[in-house]
Amino acid sequence: MLLSIDTSAGTSVAVVDRDRGIIAEAGESDTRRHAEVVGELIRLCLDRSGVPIAELSGVVAGMGPGPFTGLRVGIAAANAFALGAGKPVVRVVNHDGIAWQHYAAGATGPLLVVTDARRREVYWSAYDGADEFGLPRRTQGPGLVVPADLGSAVTGYAGFSRFDAAEASAGASGMLAEGLFEHGRPFAGKEPLYLRSPDVTIPGAPKRVTG
Amino acid sequence: MTEPLVLGIETSCDETGVGIVRGTTLLANVIASSMEEHARYGGVVPEIAARAHLEAMTPTITAALAEAGVTLQQLDAIAVTSGPGLAGALMVGVGAAKALSIALDTPLYAVNHLVGHVGADILSDSHLDYPTVALLVSGGHTSLLLVRDLVSDVELLGETIDDAAGEAFDKVARLLGLPYPGGPEIDRAAIGGDPKAIRFPRGLSQPKDLEKHRYDFSFSGLKTAVARFTEQRTDQGGSIPIPDVAASFREAVADVLLTKALAACADFGVPRLLLGGGVVANARVRELAAERCAAAGVELRVPPLSLCTDNGAMIAALGAQLVMAGHPPSMLDFAADSTLPVTLIQA
Ligand SMILES: [Zn+2]
C-alpha cells in the first residue's frame, strides 16, 4: 500500500493498493493553496482508508511536470512523510499517471497528454500505447512549449489523440507506481521536472542616478 | 512536560535551517545555505532559494538529528516558520513540516520568523528579561519590536518602508564593485576609512518624517546618495575613495538603526535591547550598539552569530516556549504567509 501525493496541478492525495485499487483519494483543485491543504488531505486519506502508517510500503511523489511553486510542496511533503514514517519514496512522472488512468479506462493507441504550465505555455508527453500490464509507454517528452508550437514539437503530432488534463490524480500516479514496482520498471529520477529555469537576469552595471 | 524536545524548520529566505532544542538547551543547529548560488545575481533569487530548500530539506533534518543524538520518534513537537518571508521558500518548509508531523503523530507549531529571532536569545546561558526592544536586521527584514512576552505579547514598532538594511549593503557593495554578499565586503573595505568623510543621509530622521515614521527605516535614499557620490567623483575624473565611502555608508546605517532602537528603549522605558538577524555580523553595528547602549544605560543582548542569522534552532526554541507555556498546536490548515504580522506569534 502506498501514500501518493501529487501537486503538479491542484493538490491530490491518495492511499492505493495494488489489489484493492484506490482506497481513498482527496483533492483541492485551487492551484494556490498547496501548502495550506496538503496536511489535511494526507490526514483525511489516511483516516478514510483506515490504513495505519506502519502498513504503508512507501510514499509516491509526483515529480511533475508542473508549475514549480506548487509542485515542490507535494515533493517536500512526500519526502518528509517518508522520512518520518521510515518508508522509501518512489517517484513518478505525473503525465504517466494521467496516461495510466486513460488506458485503464479503456483507451488504446497513441496519446498526447497536455497540461497547463501557466504563462501561456503547456507541458506535454507523448505515448504510443500501454504495455501488456497497462503501463503507459512514453516515447516523447515531457516537454514545455507554447500551444501553437505543439504540432512541431511532437513528432507525428497528427497521429495522437490529444488529452488536455486539468487535474492530476494522486490515485492514478499511486496505481502507476504499484504497477511499475510490480513489473520492475524504472521510477522517475530525483530531480523535479520543472522544465523551466528560474527567472533571473545577471545584473548589468548599476544604473546612473544623476543625469 | 518541562523540557520538551523540539525540532525547528526554517525556510523563509535562502537558508535551510533545522535546529533541535530540549527546552532552552541547544542540541543541534544545522544550516544549508544557497547563498553562493545567488552571488552572481547580486541578491537572493526566490526560485533558486526554493529549489535549494527542497534539495536540502531531508539531508538537513538528518544531519540535525545526528548532531543532537536523538531520533525523530523522540520529538515532543515540531516547529516551522510559516512567515514572514519568501512565499515559495516558506511553502517548502510548511509542506515538509506538516507531512513530517502527521507521519510521526507529533504536534506541530507554526511560528513567526521575526519572533523566532527574538527566541534565539533563550538558548544563551543567561536569560533575557522582558520587556525588551528587539532590532532585527537582515537582507530580508529590518524591524523594531517591543517584546513584552515572547509567546503572547509582541508589538511591531516599525520596519523598513523600502529596502532591508542587508539589501542596502548588497546594493552599495555592487556600486563599489565589491562582490555579494555586501555586508562582510563593506566591513573589509571600510578598514582604514573615515566614517565622517562623507555625510550620507539618515533615512526618516528629519523632524517631519519622525512624526509619522518614528521607528520606521528607509535605506533607498542612502543607496541613491552613495550612487550619486560615486558618479560625481567618476565624472570629475577622480577615483572613488572606497574605504571612506564604505565606512561612511556603514556609519549611516548603524547610526540610524541604533538611534531609532534606543529612542524606542527611551520612549517605552525599556532598559534592554536585543539584536538579531544577519546584519549583526557587521562589526560596526555591534560596536556602535555597545557604545550607545552603555551610554544610555541599556542592557545589550547579542546572541552568537550562528543564532542571529536565519536558523532552525531559533524556531525550535520559540516552539519549545509555546509548548512549555501550554499553547495548543497549530491547526493543520495554516498557510505559508509571506506577510505574517509579528503580532501573530503562532499561526
Ligand atoms: Zn531573518
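As a reminder, the structure under discussion sits directly above these lines.
These remarks concern the structure in this document. Keep in mind the model is a prediction, meaning the values are calculated, not measured. The residue numbering used here restarts from 1 in each chain and proceeds along that chain's sequence as written. Here the convention is simple: chains get letters from A, ligands get numbers from 1, in the order in which they are written. Since the coordinates come from a predicted model, pLDDT governs what is reported: local features require at least 70, and pairs of side-chain atoms require 80 or more to be given and counted, while whole-chain, interface and lining totals use all residues. Side-chain measures here rest on the full set of heavy atoms in the structure, leaving out hydrogens and waters.

What follows concerns the overall build of chain A. A run of DSSP states H or I qualifies as a helix once it reaches four residues; a run of E qualifies as a strand once it reaches two. Both are numbered from the N-terminal end. The helix and strand tally for chain A stands at five helices and nine strands. The size measure is the radius of gyration over C-alpha atoms, and the globule rule it meets is 2.2 Å times the number of residues to the 0.38 power. Its C-alpha atoms give chain A a radius of gyration of 18 Å, near enough to 17 Å, the size a compact globule of 211 residues would have. Its C-alpha atoms give chain A principal-axis dimensions of roughly 70 × 45 × 30 Å. In this scheme, a residue with accessible area under 20% of its type's maximum is buried, one over 50% is exposed, and one in between is partly exposed, where area comes from a 1.4 Å probe on protein chains only. Here chain A holds 211 residues, and the buried ones make up 53% of them.

Right, let's talk about the sheet that holds strand E2 (residues 11-17) of chain A for a bit. Residues and elements named next belong to chain A. Strands sit in the order E3-E2-E1-E4-E5 across an open sheet of five strands; the sheet is mixed. Edge positions in the sheet fall to strand E3 (21-28) and strand E5 (89-92), since each has one partner strand and no second. When the angles between neighbouring strand axes are averaged without regard to direction, this sheet yields 20 degrees. As judged from the four bridges shared by strand E4 (residues 58-62) and E5, these two strands associate in the parallel manner. When the bridges of E5 are listed, Val-59 appears paired with Val-89. Residues count as neighbours in contact if any of their non-hydrogen atoms are within 4.5 Å of one another. Orientation is described by axes fitted as lines to C-alpha atoms, over the contacting stretch for helices, and by angles from 0 to 180 degrees between their N-to-C directions. Contacts from helix H5 (residues 170-182) reach strand E1 (2-6), E2, E3, E4 and E5, with the element oriented near 40 degrees to E2. Here the rule is simple: two strands pair whenever DSSP picks up at least two bridges between them.

Turning next to the coordination of the zinc ion. Residues and elements named next belong to chain B. On the protein side, the zinc ion has His-113 (NE2), His-117 (NE2), His-141 (NE2) and Asp-310 (OD) as donor atoms, found 2.1 to 2.2 Å from it. Every donor counted, the four donor atoms about the zinc ion form angles of 89 to 161 degrees at the centre, which fits irregular coordination. For His-117, a relative accessible area of 1% translates into the label buried. Taking relative accessible area as the criterion, His-141 reaches 12% and is therefore assigned buried. Ligating atoms shown are N, O and S within 2.8 Å of the metal, or 3.2 Å for Na, K and Ca, and water is not included, meaning a site may look less than complete. For a four-donor site, all angles between 85 and 135 degrees give tetrahedral; for four or six donors, opposite pairs above 155 degrees with the remaining angles between 65 and 115 give square planar or octahedral; all remaining cases count as irregular.

Below, the discussion takes up the interface of chain B and chain A. Of the residues lining the interface, 38 residues belong to chain B; the matching set on chain A comes to 40 residues. Buried area is a sum: the accessible area each of two parts loses on coming together, probed at 1.4 Å, counted once for each and added. Counting the surface lost from both chain B and chain A, the interface buries some 3,300 Å², and carbon and sulfur atoms represent 67% of this. By the criterion of area lost to chain A, the three top residues of chain B are B:Arg51, B:Leu54 and B:Ile102, representing 19% of everything that side buries. Counted as salt bridges are all cases of a side-chain nitrogen of Lys or Arg within 4 Å of a carboxyl oxygen of Asp or Glu. Applying the counting criterion to the chain B and chain A interface returns three salt bridges. In this structure, A:Arg208 and B:Asp235 form a salt bridge, with 2.8 Å as the shortest nitrogen-oxygen distance. Two N or O atoms form a polar contact when they lie within 3.5 Å of each other; inside protein one atom must be a possible hydrogen donor and the other a possible acceptor, and for residues adjacent in sequence the pair counts only when both atoms belong to side chains. On inspection of chain B and its partner chain A, the count reaches seven residue pairs in polar contact (both at pLDDT 80 or more). For the side of chain B that touches chain A, the element with the highest residue contribution is helix H3 (residues 87-104) of chain B, accounting for twelve residues.

The quantity called bend is, for any residue, the angle between two axes fitted respectively to the seven residues ending at it and the seven beginning at it. The axis of helix H2 (residues 46-68) of chain B is deflected most strongly, by about 45 degrees, at B:Ala56, and proline B:Pro59 appears within four residues downstream. At the C-terminal side of H2(B), B:Gly69 shows a positive phi close to 70 degrees.

When charged atoms on two side chains of opposite charge get close, those side chains can pair. Counted by the stated rule, this structure contains 29 salt bridges over all chains. A:Asp96 is the salt-bridge partner of A:Arg138, the closest N and O atoms lying 2.8 Å from each other. Of this pair, A:Arg138 sits in strand E8 (residues 136-145) while A:Asp96 sits in helix H3 (residues 94-104); the two residues are 42 residues apart in sequence, bridging distant segments of the chain. Classification of A:Arg138 by relative accessible area gives partly exposed; the value is 32%. With a relative accessible area of 11%, A:Asp96 lands in the buried category. B:Arg284 is the salt-bridge partner of B:Glu251, the closest N and O atoms lying 2.7 Å from each other.

Our focus in this paragraph is the packing of H2(B) against H3(B). Residue and element names in this part refer to chain B. One way to put it is that H2 packs onto H3 with a least axis distance of 8 Å and a crossing angle of 30 degrees. Pair H2 / H3 crosses with right-handed handedness. Contacts from Ala-50, His-53, Leu-54, Met-57 and Ile-61 in H2 reach Gly-88, Ala-89, Val-92, Gly-93, Ala-96 and Leu-100 in H3. Each residue is assigned to one class: nonpolar for Ala, Val, Leu, Ile, Met, Phe, Trp, Tyr, Cys and Pro, charged for Asp, Glu, Lys and Arg, and polar for all the others, Gly among them. Within the contact of H2 with H3, the residues separate by chemical class into eight nonpolar, three polar and no charged. Handedness of a crossing follows from how the near helix is turned relative to the far one, being left-handed for an anticlockwise turn of less than a right angle and right-handed for a clockwise one.

It is worth spelling out the environment of A:Leu195 at this point. Residue and element names in this part refer to chain A. Relative to the elements of secondary structure, Leu-195 occurs in the segment after H5. Taking relative accessible area as the criterion, Leu-195 reaches 33% and is therefore assigned partly exposed. Ignoring sequence-local partners within four residues, the contact set of Leu-195 consists of Pro-65, Tyr-123, Pro-142, Gly-143 and Leu-144.

What follows covers the nonpolar core. Note on terminology: a nonpolar core comprises buried Ala, Val, Leu, Ile, Met, Phe, Trp, Tyr and Cys residues joined through side-chain atoms within 4.5 Å. By size, the foremost hydrophobic cluster in this structure holds 64 residues, and its most contacted members are A:Leu3, A:Ile42, A:Phe81, B:Leu7, B:Ile20 and B:Ile61. Within the second largest apolar cluster, 50 residues are counted, among which are B:Val133, B:Leu178, B:Ala225 and B:Phe249.

Turning to the layout of surface pockets, a few remarks are in order. Counted as a void, the largest pocket has a volume near 1,400 Å³. Grid spacing is 1 Å over the protein atoms alone, the probe is 1.4 Å, and a cavity is where that probe fits but cannot get out, while a pocket is an open set with protein on both sides within 12 Å along at least five of seven lines and lining residues have an atom within 4 Å of a point. If you trace the largest pocket, you find 50 residues lining it, with B:Cys13, B:Ser138, B:Gly139, B:Gly140 and B:His141 closest to the centre. Of all the secondary structure elements, the ones that give two or more residues to the lining of the largest pocket are helix H4 (113-119), strand E7 (142-149), strand E8 (153-159), helix H5 (165-175) and helix H6 (182-189) of chain B. Considering each element in turn, the lining of the largest pocket owes the most residues, six residues, to H5(B). In terms of residue class, the lining of the largest pocket is built from 20 nonpolar, 21 polar and nine charged. In this structure, the second largest pocket occupies an estimated 300 Å³ of space. Lining the second largest pocket are 13 residues, and of these A:Asn79, A:Arg91, A:Lys190, B:Leu54 and B:Glu55 lie nearest its centre. Secondary structure elements with two or more residues in the lining of the second largest pocket: helix H2 (68-85) and E5 of chain A together with H2 of chain B. For the lining of the second largest pocket, the per-class residue count stands at seven nonpolar, two polar and four charged. Grid points are joined across faces, edges and corners, and a volume is the space filled by probe spheres set on the points.

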